[in-house]
Amino acid sequence: MSDLLIKVRTRTERGKANKKIRKNKFIPAVVYGNGQKNLSFSLDIRDAEKYSKKGFENKIFTFESEDKNLKGLKVIKKVTSRHKVSHQPIHMDFLSLDMTKTIRVPVDLKFIGTPKGVKEEGGIFNIILRSIELECLPSEIPPYIELDVSGLSLNQNIHVADLKISGNIKIITKSQRTLCTVVPVVEEEVKTEATEDSVPTQVANEDKTKTEKKD
C-alpha cells in the first residue's frame, strides 16, 4: 500500500481562532498516538473533503510540513467531524503510526458474484456485516476483503470463521458473527376486505325485499 502525501501546517491558535482558519479555506486537525504528544495543525479544505470520502479509511498518509515535528509523520484517519447543515469537514483526527507495530482497523468486505440461492432458488441476499476488524502491521492493511458468495444456497450463510486471509493478519471480529445469508422470500397473506359494493348493496337489497312484502 503506497502512502499519500498531504500538506499540513502548524496550528498554535485554538478555540475561536478556528473560525478564522476555516474562513481561509483550511480546517483544524490533530494527530495523536504512538507515544507522542498531541500535535495541532491545519490542512487545506480541499484535501479534507477529498480524503474524508469513502475509500480512504485505511490509507496511510505521510505529512509534508515545514514543522519538523509534523514532517514525515505516517498517519491514518480516525475521526472526521462535519458541519450539521453543509456536511463539510470541520475537524479531523489522525493517528500517528509506528510501522513496526500492529494496529487494529476496520476493513470493508467486497461481496463477489450472485448467490446460487438467488439465481436458481429465488431467495434474497442479505448482507449482515459490511466490514470486520483486523489486526496487522500498517503496511499490510488490505484495501478490502473479497468474499465470493456465488456458491451460497437458500438458507445458507457465511460466518467470520469462514474467511481465509493470508499473511500475518489477525481477525479480531468474533468468529461466530454472520457476514451474509440467503433467505427465502416471505409472501404476505392477502386478505379480502369488504367493499362499498358488497355488504351495503346486499343489505339494501334485503331492505328492498322487506319493503315489497309489506306492500
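Note that the coordinates shown come from a computational prediction; the quantities given were computed from them, not determined experimentally. (Residues numbered from 1 in each chain as written. Predicted model: local features only at pLDDT ≥ 70, side-chain atom pairs only at ≥ 80, totals over all residues. Heavy atoms only, no water.)

Trainee: Describe the overall build of the protein, naming the residues involved and giving the relevant values.
Mentor: A tally of helices and strands in the protein yields four helices and 13 strands. Relative to all contacts within the protein whose residues are 6 or more apart in sequence, the contacts with residues 24 or more apart total 64%. (Helix = DSSP H or I, 4+ residues; strand = E, 2+ residues; numbered from the N terminus. Contact = heavy atoms within 4.5 Å.)

Trainee: Outline the environment of aspartate 108, supporting the account with residue identities and numerical values.
Mentor: As for its position among the elements, aspartate 108 is in strand S7 (residues 103-112). Counting along the chain gives 24 residues from aspartate 108 to isoleucine 132, while the straight-line C-alpha distance between them is 6.6 Å. If we skip the residues at most four places from it in the chain, aspartate 108 touches Lys54, Arg130, Ser131, Tyr144 and Ile145. A distance of 2.7 Å separates the side chain of aspartate 108 from the side chain of lysine 54, its partner in a polar contact. (Polar contact = N/O pair within 3.5 Å; in protein donor to acceptor, adjacent residues only side chain to side chain.)

Trainee: Could you give an account of the nonpolar core, naming the residues involved and the relevant values?
Mentor: Among the nonpolar cores identified, the biggest contains 25 residues, and Ile76, Ile103, Ile132, Leu147, Ile158, Leu179 and Cys180 are the most heavily contacted of them. Looking at this core, the element that brings in the most residues is S7, giving five residues. Contacts of isoleucine 103, omitting those with residues within four sequence positions, involve Ile76, Leu95, Leu97, Leu134, Glu135, Cys136, Pro138 and Ile141. Membership of the second largest hydrophobic core comes to 19 residues, among which are Val8, Ala29, Phe56 and Phe61. (Core = buried A, V, L, I, M, F, W, Y, C linked by side-chain atoms within 4.5 Å. Buried < 20%, exposed > 50% of the residue type's maximum accessible area, 1.4 Å probe, protein only.)

Trainee: Talk me through the sheet that holds strand S9 (residues 131-136); I want residue IDs and the actual numbers.
Mentor: The four strands lie next to each other as S10-S7-S9-S12, forming an open sheet whose pairing is mixed. Two strands in the sheet have a free side with no partner beyond their single neighbour: strand S10 (145-148) and strand S12 (170-171). Examined bridge by bridge, S9 and S12 share two bridges and lie antiparallel to one another. Bridge pairing in S12 links glutamate 135 to lysine 170. (Pairing = 2+ DSSP bridges.)

Trainee: Now, about the packing of aromatic side chains: what can you tell me, with residues and values included?
Mentor: In total, this model carries seven aromatic pairs according to the counting rule given. Taking the centre distance of 5.7 Å and the plane angle of 75 degrees together, the rings of phenylalanine 63 and phenylalanine 94 count as edge-to-face. Taken together, the positions of phenylalanine 63 in strand S4 (residues 61-64) and phenylalanine 94 in strand S6 (residues 89-96) put the pair 31 residues apart, joining distant regions of the chain. With a relative accessible area of 1%, phenylalanine 63 lands in the buried category. Ring pairing ties together the aromatic residues Phe41, Tyr51, Phe56, Phe61, Phe63 and Phe94, which thus form one cluster. (Phe/Tyr/Trp six-rings, centres within 6.5 Å; stacked < 30°, edge-to-face > 60°.)

Trainee: Please provide a residue-by-residue account of the sheet that holds strand S1 (residues 4-10), values included.
Mentor: Reading around the barrel, the six strands line up as S1-S3-S2-S6-S5-S4 and close back on themselves, with mixed pairing between neighbours. The sheet shows a mean angle of 45 degrees between the axes of neighbouring strands, taken without regard to direction. Of the strand pairs in this sheet, strand S2 (residues 26-33) and S6 are connected by four bridges, and their pairing is parallel. Bridged to valine 30 within S6 is aspartate 93. (Axes fitted to C-alpha atoms, helices over the stretch in contact; angles between N-to-C directions.)

Trainee: Pulling in residues and values, what's your account of unusual backbone geometry?
Mentor: Its identity is not glycine, yet lysine 25 carries a phi of approximately 70 degrees, on the positive side. Looking at the element boundaries, lysine 25 is found in the loop between helix H1 (17-23) and S2. Even without being a glycine, histidine 87 presents a positive backbone phi close to 65 degrees. Mapped onto the secondary structure, histidine 87 falls in the loop between strand S5 (74-82) and S6.

Trainee: Describe the side chain of serine 65, listing the residues and the values that go with them.
Mentor: Here serine 65 lies in the loop between S4 and S5. What makes serine 65 buried here is its relative accessible area of 12%. Here valine 8 takes part through its backbone oxygen, which lies 3.3 Å from a polar atom of the side chain of serine 65. From its side chain, serine 65 meets the backbone nitrogen of aspartate 67 in a polar contact 3.0 Å long.

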